[in-house]
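# Summary of the model geometry
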Amino acid sequence: MIYDDNSRDDACKDRDLDWHHYSKSSGRSGRSRRGSHRHRDRDRKYRRSHSRHRSSSRRSHHRRKRSRSVEDDGEGHLIYHSGDMLRARYEIVYTLGEGAFGKVVECIDHANNGELIALKIIKNIDRYREAALSEVEVLKQLNSVDADKRYSCVRMLDWFDYHGHICIAFELLGLSTYDFLKENNFQPFPLEHIRHMAFQIIRGVKFLHKNKLTHTDLKPENILFVDSNYNMEYNREKRRDERTLKNPDVRIVDFGNATFDHEHHTSVVSTRHYRAPEVILDLGWDHSCDVWSIGCILIEYYLGTTLFQTHDSKEHLAMMERVLGPIPAKLLEKTRKRRYVHRSRLDWDGQSSSGRYVRKHCKPLKHYMWSKGEDHRQLFDLIEKMMEYDPTKRITLEQALHHPFFSFRVSVIWTKTASDFRMEWWCFSLITRDEVKSRV
C-alpha cells in the first residue's frame, strides 16, 4: 500500500473536511455506543449515515413563513428534541448525522408498527429546498420503476413539507462503506466481499442508466451497508482488532445530484477523487462518468485508501497518467482547459515537488495487486476497463456484469430468516442475487 500511517491520517483529515463541504454525515460505530443514547429500549441493528448537497460560499437567507410554534436555528436547521412528533406520526429519537443540507434523524414511525426509519430534514433555505424537491422526484421515479425492490437503490418511504423543511423518510441502513473502512483502520475488504458489493453496485447503477439517469456522485460515502454488524478478530501480527462484515449487502444513496439525460448537465460533477477525466477536461459527460467512479470505488475497497488523493485538477490528471499511462492526445486537444496542455501532452513537470509527490504516492495500476491469483487479476482487469480514459471506449455496466470477475465464481448470498442471516453457497455464473434467493 502506498500511504504510510502519517499520510493516511492526513488523507483522512482532508476527507473529513470534504464530508462537511459535501454535507456528509459520519455514522457512529457499531452497537456499543448505542447505550449512551436515552431512547426506547429497542434492538437498533441499523444506522443511517448518508446524504450530501454541496455547500456554497454564499448562503441564501430566503426562508418561508411558518408557525411561531416551530423554530429554526441561525443556519436554517429545524430546532427539535428527542420525543418530538412530526405530522403526528414520526417520533424523533436522536440525530444520526448533520451537513450543509440539514440533518438526518432516527425516528419511530407510529403509522407503521413502530418501524425505525431515517428522516432527512432539509434546512428551511430555498436552494436546499429546491435540491431536495429534485431528489424527491428522482426517488419517486425509482420507486415506481422498481416496485419489487430488485435493485440496490435506497427506498424513499415518504416525504412532506414541515413548515418550510422538506423531510424525506428512508429505510434505516448501516454505515457507509467509507465509514466502515475508517472504523476498521482502513483495512481492505475481503475480495469476496468486494465481488459481492461490486455486483450490486454495478447492477444498481445500470438500472439508473437504463432509466436515463446518471448518479454523478458515486463514492464510498454514498454506498451504505444494509447492516454493518461485524465479527471482531484480533490480528496478532498487526496487534489490533479487525472487523469482518457479517453481510456485505449494500444500497446506493444520495440522488440529490442525479441528472436525467434530457436535463441540463452542469460542467462539474462528482466528488474530486472519483471524478472522470472528461469532467476535469470539460469535455462533457454522460453515463460513463459513473463507470469511472465505480472503478475508483473498487480499487479503494481493495487498497483501503483512496487512489487519487489530491485537491488539484492538474495534479489529479498527473496521478492518472502515473497509474494508467498517458492521456490520449485527442482528448487533450479537445479540452477547453488549455492551461493543462502543452503540445498535445499534459503540461506537467515531473521534477517539481508536486511531480515528486505524484511519483512517490502513485504507481502503475497492476503494481497495486497484492496477489497474482486469478481473482485479483480479473478484478484489476475490470477496474482497468472502467478507468479507460476515452468514455466512448470505456466498458459499459452491461458489459461489466458479464466480466469474468463475476463469472463462475462462488459467492456468499445472505438471505434473512427471522432475526438472523444464514449463508448459502451458489455458483455465481452471472445469476442475479434475486434469482439466487428464489432458489433458496
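Residue positions within a chain follow its written sequence, with the count starting from 1. Under the rules for a predicted model, residues below a pLDDT of 70 receive no local features and side-chain atom pairs below 80 are neither given nor counted, while totals for whole chains, interfaces and linings still include all residues. Side-chain numbers here rest on the full set of heavy atoms in the structure, without hydrogens or water.

## So, the overall build of the chain
Tallying secondary structure elements over the chain gives 12 helices and 16 strands in all. Within the chain, the proportion of its 440 residues that are buried is 56%. Contacts spanning at least 24 positions in sequence make up 67% of the contacts within the chain whose residues lie at least 6 apart. As presented, the chain carries roughly 20100 Å² of accessible surface, and 45% of it is formed by carbon and sulfur atoms. Secondary structure elements are taken from DSSP: a helix is a run of H or I of four residues or more, a strand is a run of E of two residues or more, and numbering for both begins at the N terminus. In this scheme, a residue with accessible area under 20% of its type's maximum is buried, one over 50% is exposed, and one in between is partly exposed, where area comes from a 1.4 Å probe on protein chains only. In what follows, a contact means two residues having at least one pair of non-hydrogen atoms within 4.5 Å. Computed with a 1.4 Å probe, the accessible areas rest on the Shrake-Rupley method; for each residue, only the protein chains presented here act as cover.

## Brief notes about the UniProt feature "binding site: ATP" (unreviewed entry) in the chain
UniProt positions are given in the numbering used here, feature names are shortened, and annotations may be inferred rather than shown by experiment. The feature "binding site: ATP" (unreviewed entry), as given by UniProt, occupies K120 in the numbering adopted here. For K120, the location among the structural elements is in strand β4 (residues 115-122). Look at K120 and you get buried, because its relative accessible area is 0%. At 2.8 Å, the side chain of K120 and the side chain of E135 are in polar contact. Polar contact criterion, stated in full: a pair of N or O atoms within 3.5 Å, where within protein one must be able to donate a hydrogen and the other to accept it, and residues adjacent in sequence count only if both atoms are side-chain atoms.

## A few points about the packing of helix α4 (residues 191-210) against helix α6 (residues 288-303)
Here an angle of 0 to 180 degrees is reported between the N-to-C directions of two axes, which are lines fitted to C-alpha atoms, with helices fitted over the stretch in contact. α6 packs onto α4 with a crossing angle of 165° between their chain directions and a minimal axis gap of 11 Å. Taken together, the axis directions place α4 and α6 in an arrangement best described as roughly antiparallel. Along this stretch, α4 crosses α6, giving a crossing that reads as right-handed. In contact with L191, I194, M197, A198, I201, I202, V205 and H209 of α4, α6 contributes D290, I294, L298, Y301 and Y302. With respect to orientation, any angle under 35 degrees is reported as roughly parallel, any angle over 145 as roughly antiparallel, any angle of 65 to 115 as roughly perpendicular, and every other angle as oblique. Two helices cross in a left-handed way if the nearer one is turned anticlockwise from the farther one by less than a right angle. They cross in a right-handed way if the turn is clockwise.

## With respect to helix α9 (residues 353-361)
Among the residues of α9, G355, V358 and H361 are the ones counted as buried. Looking straight down α9, one finds that the buried residues subtend no more than 145° of arc, so they occupy a single side. Along α9, the residues that are exposed and aim more than 90 degrees away from the buried face are S353 and K360. Note that the arc is computed from the directions linking the helix axis to the C-beta atoms.

## Remarks on the packing of α6 against helix α10 (residues 374-386)
In the contact formed by α6 and α10, the axes pass within 8 Å of each other and the chain directions differ by 150°. In terms of orientation, α6 and α10 fall into the roughly antiparallel class. Taken as a pair, α6 and α10 cross one another with a handedness that is left-handed. Within the contact between the two elements, α6 uses V291, W292, I294, G295, L298, I299 and Y302 and α10 uses H376, L379, F380, L382, I383 and M386. Amino acid classes used here: Ala, Val, Leu, Ile, Met, Phe, Trp, Tyr, Cys and Pro are nonpolar; Asp, Glu, Lys and Arg are charged; the rest, including Gly, are polar. Residue composition of the contact of α6 with α10, by class: 11 nonpolar, 2 polar and no charged.

## Side note on the nonpolar core
Ranked by internal contacts, the top residues of the largest apolar core, which has 102 residues, are F255, Y301 and M386. Not counting residues up to four positions away in its chain, the partners in contact with F255 are E135, V138, L139, L142, C153, V154, L208 and H215. Take the buried Ala, Val, Leu, Ile, Met, Phe, Trp, Tyr and Cys residues and link them wherever side-chain atoms come within 4.5 Å; each set so joined is a nonpolar core. The next biggest cluster of nonpolar side chains, apart from the first, holds 15 residues, and it includes Y80, I117, L119 and Y162.

## Considerations on the sheet that holds strand β1 (residues 85-86)
Note on pairing: two strands pair once DSSP finds at least 2 bridges between them. Ordered by their spatial adjacency, 6 strands build an open sheet running β1-β2-β3-β4-β6-β5, and the pairing between neighbours is antiparallel. Looking at strand neighbours, the two that pair on one side only are β1 and β5 (156-162), the edges of this open sheet. Pairing of strand β3 (residues 102-109) with β4 involves 8 bridges; the strand directions are antiparallel. Considered in β4, the bridge of C107 is made with I117. Running over the sheet, helix α2 (residues 126-145) touches β4, β5 and β6 (165-171) and is turned about 35° from β6.

## What to know about the packing of aromatic side chains
Pairing of aromatic rings covers Phe, Tyr and the six-membered ring of Trp, with a centre-to-centre limit of 6.5 Å; geometry is then stacked below 30 degrees between planes, edge-to-face above 60, and tilted otherwise. Counting across every chain of the model gives 13 aromatic pairs. Ring centres of F189 and Y301 lie 5.3 Å apart, and the angle between their planes is 85°; on these two criteria the pair is classed as edge-to-face. Of this pair, F189 sits in the loop between α3 (177-183) and α4 while Y301 sits in helix α6, placing them 112 residues apart in sequence. Of the residues examined, F189 reaches a relative accessible area of 4% and is grouped as buried. Residue classification places Y301 among the buried positions, given a relative accessible area of 0%. Seen from their ring centres, F199 and F406 are 5.4 Å apart, and the 70° between their planes marks the pair as edge-to-face. Of this pair, F199 sits in helix α4 while F406 sits in the loop between α11 (397-401) and β15 (410-417); the two residues are 207 residues apart in sequence, bridging distant segments of the chain. Like F406, F199 is buried. Following the ring pairs from residue to residue traces out a cluster consisting of F180, F189, F225, Y230 and Y301. Remark: a charge is flagged as sitting over a ring if the NZ atom of Lys or the CZ atom of Arg is within 6 Å of the ring centre and within 35 degrees of the ring normal. In this arrangement the basic side chain of K120 is found over the ring face of F101, its NZ or CZ atom lying 5.2 Å from the centre.

## A word on the pattern of salt bridges
Basic side-chain nitrogens of Lys or Arg form a salt bridge, by our definition, when they fall within 4 Å of a carboxyl oxygen of Asp or Glu. Evaluated as defined, the whole model comprises 19 salt bridges. E137 serves as the salt-bridge partner of K140, at 3.6 Å between the closest nitrogen and oxygen. Separated by 3 residues within a single helix, K140 and E137 lie in helix α2, roughly one turn from each other. Accessibility expressed as a relative area gives 46% for E137, which makes it partly exposed.

## With respect to the pairing of β6
Counting buried residues along β6, 6 of its 7 residues qualify, which places the element largely inside the surrounding structure. Here β5 runs beside β6; their pairing, made up of 6 bridges, is antiparallel. Within β6, the position partnered with D161 by the bridge is I166. Linkage of β5 to β6, two consecutive antiparallel strands, is achieved through a turn of 2 residues, within which H163 is found at a positive phi near 50°.

## A look at unusual backbone geometry
Phi at H163 is positive, roughly 50°, even though this residue is not glycine. One can find H163 in the loop between β5 and β6. Phi angles above zero are rare outside glycine, and S270 is one such case at about 75°. Relative to the assigned elements, S270 resides in the loop between β12 (259-260) and α5 (277-280).

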